[in-house]
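As a plain string of letters, each chain reads:
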Amino acid sequence: PPLLRAAKGEETERAPVWLMRQAGRYMADFRKFSDKYPFRMRSETSEIAVELSLQPYDAFGTDGVIMFSDILTPLPALGIDFDVIKGKGPVIGSPVRSAEDVAALLPMDDPATKLPFVAETLSTLRKEVAGGRNGYETPAVLGFIGTPWTLAAYAMEGKADRHLLQTKQVMMHNPEVLHAFLEHLTEALITYVVYQIDSGAQIVQLFDSWCHHLSPAQYMEFSHPYAERVIAGVRAQRPDTPLIFHANGGAGKTAEVMMSTADVVGLDWNTSMAEARAAAGADRTLQGNVDPMVLFGPEEKIREEVEACLEAAGRRRHILGVGHGVVQGTPEENVGLFVKLARESASVLA
């Protein structure tokens, strides 16, 4: 698959494409499930998760099929339960905020028993897309995780908070508690990523979704080293599987984000692709980073923005995507156009 080749740093005849949150409420077929079933039921019932994962590929021919899941999915295996409340997002009833809380966490010792649906979803996706469907070529199947920092912040905060008040207080008063929690998550996530790869994931993306809450110095202390340990730990066991590191809120930290040793660096839409390419050099594979709100625009605007992104990325070693998740309400046909433009980019790249 072109996406897999690009993620491994090989030359591709065109820019491969997939979108974060490509399986989402903007699709009428997705809403048939989301209006009926709660989030965790959808993501933890493999038949439903497979169906939702495949919807954007079947509709648009994306080069990647990412499993329908959540960054918080592994937390219950560690003893941290969560729920997703419609309109409010994820809520963790018993946040992890003390040394005692960290000491009580469980190890990720048996993901196949605790998270069997992940293996079922990924292995089924590999079978479903083998040889391509609907006239589209075979896509790559992606797994994903949240980075240790992002999961720690979610589990300490208990919910999304624009100031990260609880987590930042732990960071300022008891940084050793935060570091101990990050250590535990790092080891657990290495095991979880290897489990995803062994279940069928051909590429795994690390989402540092709450990177924007950190100053550059905080990022280098609380996020970067732990994400790097996950990457190194996975590489030691599964060296042939490419890893993508995506920092949401990496703007202002481009130099630090580029220190990632992941095979691909994903950029949010606040980052200049041209500056990122200059910082990364010609041989690094970059992913992104069109503003997802562009997909609400007219066709000529979408074409213009895609063209500008391809141009800024240097027309090689680039995976086209949006710089954040597809937004609810996005016209489906515009996502289709975005994907089509990538498939037509061979003529542009020539």
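Refer to the structure printed above.
The numbering scheme is per chain: residues are counted from 1 as the chain's sequence reads. With the structure being a predicted model, the display of local features is reserved for residues of pLDDT at least 70 and the display and counting of side-chain atom pairs for 80 or more, all residues being used for whole-chain, interface and lining totals. The side-chain figures draw on all heavy atoms in the structure; neither hydrogens nor water molecules are used.

Colleague: Please provide a residue-by-residue account of the overall build of the protein, values included.
Modeller: A tally of regular secondary structure across the protein gives 16 helices and 9 strands. All radius of gyration figures rest on C-alpha atoms, and the globule criterion is 2.2 Å times the number of residues raised to 0.38. A compact globule built from 350 residues should have a C-alpha radius of gyration of about 20 Å, and the protein, at 19 Å, falls within 12% of that. Principal axes of the C-alpha set define a box for the protein whose edges measure 60 × 45 × 40 Å. Burial classification: accessible surface area is computed with a 1.4 Å probe over protein chains only, and a residue below 20% of its type maximum counts as buried, one above 50% as exposed, and the rest as partly exposed. Looking at the protein as a whole, 57% of its 350 residues are labelled buried. Contacts were defined at the residue level, with two residues in contact if any of their heavy atoms lie within 4.5 Å. A fraction of 73% describes how many contacts in the protein between residues 6 or more apart in sequence connect residues 24 or more apart. Only the protein chains shown count as covering a residue, and every accessible area follows the Shrake-Rupley method with a 1.4 Å probe. Summing over all exposed atoms, the protein offers an accessible surface of approximately 13,600 Å²; the carbon and sulfur share of this is 52%. Only runs of H or I of at least four residues qualify as helices and only runs of E of at least two qualify as strands under DSSP, and these elements are numbered from the N terminus.

Colleague: How would you sum up the packing of aromatic side chains? Please name residues and give values.
Modeller: Two rings from Phe, Tyr or Trp (for Trp, the six-membered ring) form a pair when their centres sit within 6.5 Å of each other. Planes less than 30 degrees apart are called stacked, planes more than 60 degrees apart edge-to-face, and all others tilted. A complete count under the given rule lists 6 aromatic pairs for this structure. Their ring planes at 55° and their centres at 6.0 Å tell us that Tyr57 and Tyr136 sit as a pair that is tilted. Residue Tyr57 is located in helix H4 (residues 46-60), and its partner Tyr136 is located in the loop between helix H7 (116-129) and strand S4 (140-146); the two are separated by 79 residues in the primary sequence. Of the residues examined, Tyr57 reaches a relative accessible area of 0% and is grouped as buried. For Tyr136, a relative accessible area of 22% translates into the label partly exposed. Here the aromatic residues Phe30, Phe39 and Phe68 are joined through ring pairs into a cluster of three or more.

Colleague: Run through the pattern of salt bridges, naming residues and quoting values.
Modeller: We count a salt bridge whenever a side-chain nitrogen from Lys or Arg sits within 4 Å of a carboxyl oxygen from Asp or Glu. This structure, assessed with the given rule, holds 23 salt bridges. The partner of Asp63 in a salt bridge is Arg14, and the shortest N-O contact between them spans 2.8 Å. Note that Asp63 is positioned in the loop between H4 and strand S1 (64-66) and Arg14 in the loop between helix H1 (2-7) and helix H2 (28-34), a separation of 49 residues in sequence. With respect to burial, Asp63 and Arg14 carry one shared label: buried. One salt-bridge network, in which partners are shared between bridges, spans Glu11, Asp283, Arg316 and Arg317.

Colleague: Give a description of the sheet that holds strand S7 (residues 264-267) that names residues and reports values.
Modeller: Sheet strands associate in pairs through backbone hydrogen bonding, adopting either a parallel or an antiparallel arrangement. Taken in spatial order, the 7 strands of this open sheet run S1-S4-S5-S6-S7-S8-S9, and their pairing is parallel. At either margin of the open sheet sits one strand with a lone partner, and together these are S1 and strand S9 (318-322). Strand-to-strand twist in this sheet, taken as the mean axis angle between neighbours without regard to direction, amounts to 25°. Any two strands with at least two DSSP-identified bridges between them are counted as paired. Here 3 bridges tie S1 to S4, and the two strands are oriented parallel to one another. The partner of Val65 across the bridge, within S4, is Val141. Its contacts with the sheet put helix H10 (residues 175-199) on S4 and strand S5 (203-208), and the angle it makes with S4 is roughly 165°. Between the N-to-C directions of two axes lies an angle of 0 to 180 degrees, each axis being a line fitted to C-alpha atoms and, for a helix, fitted only over the stretch in contact.

Colleague: Run through helix H14 (residues 299-313), naming residues and quoting values.
Modeller: Residue count minus one, scaled by 1.5 Å, sets the expected span of a helix. Compared with the 21 Å implied by 1.5 Å per residue over 15 residues, the 21 Å span of H14 between its first and last C-alpha is a close match. Looking only at H14, the buried set comprises Ile302, Val306, Cys309, Leu310 and Ala313. The buried residues of H14 all sit within an arc of 95° when viewed along its axis, so they share a single face. Just downstream of H14, Gly314 is the residue with a positive phi angle, here 90°. For this quantity, the arc is that covered by the directions from the helix axis to the C-beta atoms.

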